[in-house]
Amino acid sequence: MEPHIIKRIKRRDKIARLGIIFGGWLILVSVIGILVIIISVAIPLFYSPSLELTEKSSIQALSTSILGIQTDEQFQKGFMISQEGQIAVLDLGKNLSKERILQTFPVLPPSGKQENLTVRQIELTHQFLMILWSNGMSTFEQIQWQSPSVEHPENFLQLKRITQLAEEKNTEPSQITHISMRLDKENQASRAVALIDRRILITQQFAIKNVFGKMTQKLVSWVIQADIPGEITAIALDEAGKTLYAGTSEGTVLRWNLKKSKEPELTDRLKYSEGKITSLGFIFGDVSLIVGDSLGSLSACFTILTELEEKKENPHKTLEKIHVFSSQKGEIQKILPFFQEKSFLSLTEKQTLSVHHLTTEKQYFEFTVPEKIQHVVVAPRGNGILLLDQQSNLQLWSLENPHPEASMTTLFGKVWYENYPKPAYVWQSSSGNDDFEPKLSLVPLIFGSIKGTFYAMIFAAPLALLAAIYTSQFLHPNLKKFIKPTIELMASIPSVILGFLTALWLAPMVEKRLVAFFLGFIFVPLCAFLFILSWPIFSKKFPRLSKVGQGYEFFFVLPGILLGILLSLVLSPWIESLFFQGDFKIWMFQNLGILYDQRNCVIIAFGLGFAVIPLIFTIAEDAISNVPKSLSAASLALGASRWQTLWRVILPTAASGIFAGLIIGFGRAIGETMIVLMATGNTPILDWSPFNGMRTLSANIAVEIPEAPVNGTLYRILFLSAVLLFLLTFILNTLAEIVRYRLRKKYGRI
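Residues numbered from 1 in each chain as written. Predicted model: local features only at pLDDT ≥ 70, side-chain atom pairs only at ≥ 80, totals over all residues. Heavy atoms only, no water.

*Asks:* Whenever I open this one, the overall build of the protein chain confuses me. Can you help?
*Replies:* When its secondary structure is counted, the protein chain shows 17 helices and 30 strands. The C-alpha radius of gyration computed for the protein chain amounts to 37 Å, which surpasses the reference 27 Å derived for 750 residues by more than 25%, pointing to a less compact arrangement than a globule. Residue burial in the protein chain is summarised as follows: out of 750 residues, 46% are buried. For the protein chain, restricting intrachain contacts to residue pairs at least 6 apart in sequence, the fraction spanning at least 24 positions comes to 58%. Of the accessible surface of the protein chain, which amounts to about 38800 Å², a share of 60% is contributed by carbon and sulfur atoms. For the protein chain, the separation between the mean place of its 71 positive charges and that of its 62 negative charges on side chains is 16 Å. (Helix = DSSP H or I, 4+ residues; strand = E, 2+ residues; numbered from the N terminus. Rg over C-alpha atoms; globule rule 2.2 N^0.38 Å. Buried < 20%, exposed > 50% of the residue type's maximum accessible area, 1.4 Å probe, protein only. Contact = heavy atoms within 4.5 Å. Areas by Shrake-Rupley, 256 points an atom, 1.4 Å probe, with all protein chains shown as cover. Lys, Arg positive; Asp, Glu negative; His and termini not counted. Charge placed at Lys NZ, Arg CZ, Asp CG, Glu CD.)

*Asks:* Just checking my understanding: could you explain a positive patch on the surface for this structure?
*Replies:* A contiguous patch of positive charge on the surface is contributed by Lys-7, Arg-8, Arg-11 and Arg-12. Inspection of the secondary structure puts Lys-7 in helix α1 (residues 3-42). With a relative accessible area of 59%, Lys-7 lands in the exposed category. (Patch = residues over 30% accessible without salt bridge, like charges linked within 9 Å, V, L, I, M, F, W, Y side chains within 5 Å. Salt bridge = Lys/Arg side-chain N within 4 Å of Asp/Glu carboxyl O.)

*Asks:* Teacher, can you tell me more about the environment of Ala-722 here?
*Replies:* Structurally, the position occupied by Ala-722 is in helix α17 (residues 713-747). Relative accessible area serves as the criterion here: at 23%, Ala-722 is assigned to the partly exposed category. Other than its neighbours up to four places away in sequence, Ala-722 contacts Ile-38 and Ile-701.

*Asks:* Looking at this structure, how should I read the sheet that holds strand β24 (residues 352-357)?
*Replies:* Strand pairs in the sheet, formed through backbone hydrogen bonds, run parallel or antiparallel to each other. Within the open sheet, the four strands sit side by side as β22-β23-β24-β25. Their pairing is antiparallel. The strands lining the two open edges of the sheet, one partner per strand, are β22 (332-337) and β25 (363-368). Shown here is a sheet whose adjacent strand axes are inclined to one another by a mean of 15 degrees, direction ignored. (Pairing = 2+ DSSP bridges. Axes fitted to C-alpha atoms, helices over the stretch in contact; angles between N-to-C directions.)

*Asks:* Help me understand a nonpolar patch on the surface, please; the structure alone is not making it clear to me.
*Replies:* Together, Leu-18, Ile-21, Trp-25, Leu-28, Val-29, Ile-32 and Val-36 make up an exposed nonpolar region whose accessible area comes to about 680 Å². Tracing the chain through its elements places Ile-32 in helix α1. In this structure Ile-32 comes out as partly exposed when scored by relative accessible area, which is 46%.

*Asks:* Help me out: how do you make sense of the environment of Phe-454 in this one?
*Replies:* Here Phe-454 is to be found in helix α4 (residues 443-473). For Phe-454, a relative accessible area of 40% translates into the label partly exposed. Taking the C-alpha atoms as reference, Phe-454 lies 44 Å from Phe-338; in sequence the two are 116 residues apart.

*Asks:* Any chance you could explain the packing of aromatic side chains here in plain terms?
*Replies:* Each aromatic ring pair is described using two quantities: the centre-to-centre distance and the angle formed by the ring planes. In this structure the tally under the stated criterion is 21 aromatic pairs. When the centroid spacing of 5.9 Å and the interplanar angle of 80 degrees are considered together, the rings of Phe-454 and Trp-688 count as edge-to-face. With Phe-454 in helix α4 and Trp-688 in the loop between α15 (674-679) and α16 (697-704), this pair connects stretches of sequence that are 234 residues apart. Here Trp-688 falls in the partly exposed class, since its relative accessible area comes to 45%. (Phe/Tyr/Trp six-rings, centres within 6.5 Å; stacked < 30°, edge-to-face > 60°.)

*Asks:* Would you mind going over unusual backbone geometry with me for this structure?
*Replies:* For residues that are not glycine, phi is negative in most cases, and the peptide bond is trans in most cases. Of note, the phi angle at Asp-286 is positive, near 60 degrees, even though the residue is not glycine. Structurally, Asp-286 is set in the loop between β18 (277-282) and β19 (289-293). A relative accessible area of 18% means that Asp-286 is categorised as buried. Phi at Asn-682 is positive, roughly 55 degrees, even though this residue is not glycine. Considering the arrangement of structural elements, one finds Asn-682 in the loop between α15 and α16. The exposure class assigned to Asn-682 is buried, which follows from its relative accessible area of 14%.

*Asks:* Is there a simple way to think about the sheet that holds strand β26 (residues 373-378) in this case?
*Replies:* If you walk across this open sheet you meet the four strands as β1-β28-β27-β26, and the pairing is antiparallel. The open sheet has two free edges, formed respectively by β1 (50-58) and β26, since each of these has just one partner strand. The average angle at which neighbouring strand axes cross in this sheet is 20 degrees, direction not considered. Looking at chain direction, β1 and strand β28 (residues 393-400) are connected through eight bridges and run antiparallel. When the sheet's bridge partners are listed, Leu-51 is paired in β28 with Leu-399.

*Asks:* Please explain the pattern of salt bridges as it appears in this structure.
*Replies:* Side chains carrying opposite charge are able to pair once their charged atoms draw close together. By the definition in use, this model includes 13 salt bridges. One salt bridge in this structure joins Asp-197 and Arg-199, with 2.8 Å as the shortest N-O distance. Here Asp-197 falls in the partly exposed class, since its relative accessible area comes to 40%. A single salt-bridge network, built from bridges that share partners, covers Lys-480, Lys-484, Glu-621 and Asp-622.

*Asks:* Looking at this structure, I do not really get the nonpolar core. What am I missing?
*Replies:* Side chains of a nonpolar character, in soluble globular proteins, are inclined to be buried together. Core analysis: the biggest nonpolar cluster contains 39 residues, and Ile-604, Leu-608 and Ile-624 have the highest contact counts within it. Element by element, the count of residues in this core is highest for helix α11 (residues 601-625), at twelve residues. When near neighbours in sequence (up to four residues on either side) are disregarded, Leu-608 contacts Gly-452, Ala-456, Ala-669, Glu-672, Ile-675 and Val-676. (Core = buried A, V, L, I, M, F, W, Y, C linked by side-chain atoms within 4.5 Å.)

*Asks:* Would you explain helix α9 (residues 553-579) in this entry?
*Replies:* Helical geometry: 3.6 residues make up each α-helical turn, so side chains three or four residues apart lie on a common side. Between its first and last C-alpha atoms α9 spans 37 Å; for 27 residues at 1.5 Å apiece the expected length is 39 Å, and the two agree. At Leu-571, α9 shows its largest kink, close to 40 degrees, and the proline Pro-573 lies no more than four residues downstream. Listing the buried residues of α9 in full gives Phe-556, Val-557, Gly-560, Gly-564, Ser-568 and Ser-572. (Expected span 1.5 Å × (residues − 1). Bend = angle between axes of the 7 residues up to and from the residue.)

*Asks:* Which parts of the structure should I look at to understand the environment of Leu-195?
*Replies:* Tracing the sequence through the fold places Leu-195 in strand β11 (residues 189-195). Overall, Leu-195 belongs to the buried group, its relative accessible area being 2%. Spatially, the C-alpha atom of Leu-195 lies 8.2 Å from that of Ile-232, the residues being 37 residues apart in sequence.

*Asks:* Would you take a moment to explain the packing of helix α5 (residues 477-490) against α11 for this structure?
*Replies:* Geometrically, a packed helix pair is captured by the angle between its two axes and the distance between the axes. Between α5 and α11, whose axes approach to 7 Å, the crossing angle comes to 135 degrees. The orientation of α5 with respect to α11, classified from their angle, is oblique. Between α5 and α11 lies a crossing whose hand is left-handed. When α5 is examined against α11, the residues Lys-480, Lys-484, Ile-487, Glu-488 and Met-490 are found in contact with a partner set consisting of Phe-610, Pro-614, Phe-617, Thr-618, Glu-621, Asp-622 and Ser-625. When the residues that make up the contact of α5 with α11 are grouped by side-chain class, the tally is five nonpolar, two polar and five charged. (Parallel < 35°, antiparallel > 145°, perpendicular 65-115°, else oblique. Left-handed = near helix turned anticlockwise from the far one by under 90°. Nonpolar A, V, L, I, M, F, W, Y, C, P; charged D, E, K, R; others polar.)

*Asks:* So what exactly am I meant to see when it comes to the pairing of β25 here?
*Replies:* Note on strand geometry: in a regular strand, side chains alternate between the two faces of the sheet. Pairing analysis gives five bridges linking β24 to β25, with the strands arranged antiparallel. Bridging across to β25, Val-355 finds its partner in Phe-365. Between β24 and the antiparallel strand that follows it, β25, lie five residues; Glu-361 among them carries a positive phi value of about 60 degrees.

*Asks:* I tried to follow the side chain of Ser-346 on my own but got confused; where do I start?
*Replies:* Along the chain, Ser-346 falls in strand β23 (residues 343-348). A polar contact is formed between the side chain of Ser-346 and the side chain of Ser-354, at a distance of 2.7 Å. Excluding anything up to four places from it in sequence, Ser-346 contacts Leu-298, Gln-328, Lys-334, Thr-352, Leu-353 and Ser-354. (Polar contact = N/O pair within 3.5 Å; in protein donor to acceptor, adjacent residues only side chain to side chain.)

Structure follows, in structure tokens:
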């Protein structure tokens, strides 16, 4: 060969080698880059929250007795109300004038009369101001923040009167120890007043419609005179005015069911603490009640339906202590909920403030203020805390905790959610209302991925391996040239087509012929096996058939398969009527407690298995066919049969390739999206039953990501799911490579 040709070949080889190296490194860098990107999106879930004192300044107080403070949604303005009924609007913004008070105006007394009344007690939310006046009447005002106009440059806040309640008759203001007022979504007011003699007065307002469709207001009043252990030290009404809680000096929590047409019913009496109940507060949504006592203990309770009650004809929910939080320093004086999440703020007698989250039970912040705190409020968006001490100093704390619902416990552990009878692994990222408790456990999704892959591999692996063995060792070469490319071509079918056919054709067909489907697992293998056993008999009687039929035995088994299918279809109505009372699904539910879903794991085994079979078949068949012919020839020369040669020589030699095919098929199944998305029902449950569905990690990403707010908790958890899928596939491939290497090393000397 001429030197210039050799030089050209070497140059091309070098270019090819460099191109392959560059391509390999490029793939490696791309994979690592993808991992870095998805990790960078998911990792903020576990960042520590931050709390910072942004400003502290003195304000001109309205009076020495300020009853409450509140802020707007943007945490830029706030207001405080004094005992004289004066409102002062405050500027909370940064880099503004030192003059904090922007507007002052009086609250309109009850009935609009300019009487000489004072405010006795208030309750504040970010939407409503509820006032108990000195004459015993209550007014309910809607808080309306406004932008100043040219005509009214100082009009920042307006109060709109919603309704009012009359005073309690035969009750002196000095007898009132505690009060709770609420306004429901239909602007109907409720008021509970605890008296020094352990009575509780309930006043409720509701609308009734007459026969002409006209709405009229009606007031009902009740007096609770139950046997209350100890003095009433705290009371709390829920927003709907349907439930009243009371805490006592003996550590007991009582619960009454308030129905506007019936007398209050005492439903629960729970010995809650060894200390005195000092504070009660509802979590956002008014399902869970936070209880604080004189010992510094904080816990949450809500009503649950126990297993014993479920069996009763008229089940009754009971109040139980569910969540226990870290103990605080000193008596709990105040509990304030966050208005957009399941967090709450607590204040102790030692001026220690702490922020906890209901679901995670974690304490995110704890800090102590040297001055005695007069009032504290949480910003409506949960991004700040406003303090007012007794020296009329305002403290603005900036709070950043964007993902309070996310923790290792909520993602991977059992959590006791609101209204659930016991701790559970649950995925439910959204609901019909805004105050629901997010349930973000990844365990049902990981379980669903493993479950779907398991049933798919049970169906696909045996068929693919047996087909690869038969195609490589026994099938006639002329048929192999046609069958192998056909099976390999199956891998190019889009998964959305497979999912479509599985969900809309296979699933309904199997449901209609369920008994025939299960009989097929008996009759088809049985008939095929009988035809295989009869092959030697036909071969002896027809020797010419034996010579011609070598490599074409599959065609002799086909009639047996068709016969098994026919027997299953013909006998299924008789067997269903004789043994299963005419309906197999109802019989299975009544006798075995198994509910059959149309889109279940049996269906997924076929749909997903159909996508996996070509991969396993191709890799396994190539591995078996590439075993040196000298090995099989030597085995046959020593007197071994074809089956002995296959089992003792060929399969061990090809074991590394076969195992690699199985792992690649497993990875294909666990990462599949469209088939499981369309054919499983997407129910995130923990159940190994093949007759119900599941939700996988990949399908969950496809379902949830279009509606997940960017950089929100759900958005980042979906990226965390992608990280888990990546790591799971990486670990499986690494283990597969280790096993494959050991198998090759073990059998490589053969």
